Amino acid sequence: MLKQRIITALVLVVLFLGLLFLVPIQWFAIAVAAIILLGGWEWANLSNLNRALRFVFLAVLGAALVGSADYVFQMDFAHPDIGHTRQILAVACGWWALAFLWVQGYPASAMLWGNRWVRGLIGLVVLVPAWLSVVILRGLDHGAWLVLFVVAVVVFADVGAYFVGRKFGKRKLAREVSPGKSWEGFFGGLGACLVLALTVSILFELPMKNTVLFSFGVLVTALASVIGDLVESMFKRHRGIKDSSRILPGHGGILDRLDSLTAALPVFTMAALASELPKYL
């Protein structure tokens, strides 16, 4: 199993880097949309939709992606409409704040979201802004590096939480959803991400105001990544399954690998636009 996980991980890394750095943004957007649709099929399963309704869900998700694409490709990436973009992404960020309360309240909170139609709607609120934000981010100056940085934030949050939690973890973060996670690990992950943010700010000589905004954005991004992971764990626990699918040998499903990123991307995109980060790279 370990060998299988390593091989799959290496293949995914190569494909991801090639897609990110070598492919024009239009094809990048199409490829990511295909990945989102695969994740949508898994989300339909998490929502307990039958096979026919899963195709209906995919059709609605596809239509939403097409509508978002029309907005994205009319955008002037050199001078992005920050106000309008912020309004779109704020919906996703607001959802993740609510989701954290649901995670803390599980299993009692399931009475609010346990209905399969509600879970399907949540899937749209999760997946569409994730696609929109990663394409917008990729279209900015040095956008490929910005997307890679979001991945780094998620990794730092995860690795920091793992080692600090393993050493000092006592208080459970969400006992009913993910018993292995602790508050100590959570803050350890945030600390690792703060170090990352300050290091990047120093390297690129960001002004103090932008450094503060950027660092705050990174911390909120790290927080969102944890919530994204917990929310998928909560849905899987409610559905009674271990993995969202078995499409990735040794790693489970698409959502099992992207759950943290679906939450982190909208938050970081807003932070990058607000701090005007691209012009300092």
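Criteria and thresholds
- Residues numbered from 1 in each chain as written.
- Predicted model: local features only at pLDDT ≥ 70, side-chain atom pairs only at ≥ 80, totals over all residues.
- Heavy atoms only, no water.
- Helix = DSSP H or I, 4+ residues; strand = E, 2+ residues; numbered from the N terminus.
- Rg over C-alpha atoms; globule rule 2.2 N^0.38 Å.
- Contact = heavy atoms within 4.5 Å.
- Areas by Shrake-Rupley, 256 points an atom, 1.4 Å probe, with all protein chains shown as cover.
- Lys, Arg positive; Asp, Glu negative; His and termini not counted.
- Charge placed at Lys NZ, Arg CZ, Asp CG, Glu CD.
- Expected span 1.5 Å × (residues − 1).
- Buried < 20%, exposed > 50% of the residue type's maximum accessible area, 1.4 Å probe, protein only.
- UniProt positions renumbered as here; feature names shortened; annotations may be inferred.
- pLDDT = per-residue confidence, 0-100.
- Core = buried A, V, L, I, M, F, W, Y, C linked by side-chain atoms within 4.5 Å.

This part covers the overall build of the protein chain. When helices and strands are tallied, the protein chain shows 10 helices and zero strands. Overall, the protein chain shows an N-to-C arrangement of helices and strands of α-α-α-α-α-α-α-α-α-α. Against the 2.2 N^0.38 benchmark of 19 Å for 281 residues, the protein chain shows a C-alpha radius of gyration of 18 Å, consistent with a compact globule. Put simply, of all contacts in the protein chain between residues at least 6 apart along the chain, 75% involve residues at least 24 apart. For the protein chain, the exposed surface amounts to about 13900 Å²; the carbon and sulfur share of it is 69%. Each charge sign in the protein chain was given a centre, from 23 positive and 15 negative side chains, and these centres are 11 Å apart.

Taking 1.5 Å per residue as the helical rise, helix α7 (residues 143-168) with its 26 residues ought to reach 38 Å, and the 37 Å between its terminal C-alpha atoms agrees with that figure. G143, A144, L146, V147, F149, V150, V153, V154, A157, G160 and G165 are the residues of α7 that are buried.

Cross-referencing UniProt, the feature "transmembrane region" (unreviewed entry) maps to residues 6-39, 51-73, 85-105, 117-137, 143-164, 185-206 and 212-231 in the present numbering. Between the end C-alpha atoms of residues 6-39 the distance is 22 Å, and the span holds 94% helix and 0% strand.

Attention now goes to the confidence of the model for the protein chain. In the predicted model, the protein chain carries a mean pLDDT of 86, and the fraction of residues at 70 or more is 91%. Taking the mean pLDDT of every element in the protein chain, the minimum, 78, falls on helix α4 (residues 82-105) and the maximum, 93, on helix α8 (residues 183-203).

A word on the nonpolar core. Core analysis: the largest hydrophobic core is formed by 79 residues, its most contacted members being W43, L61, W131, L137 and F268. In terms of residues, this core owes the most to one element, helix α6 (residues 116-139), which gives 11 residues. The residues contacting W131, other than those within four sequence positions of it, are A29, V32, A33, I36, L65, S68, A69 and V72.

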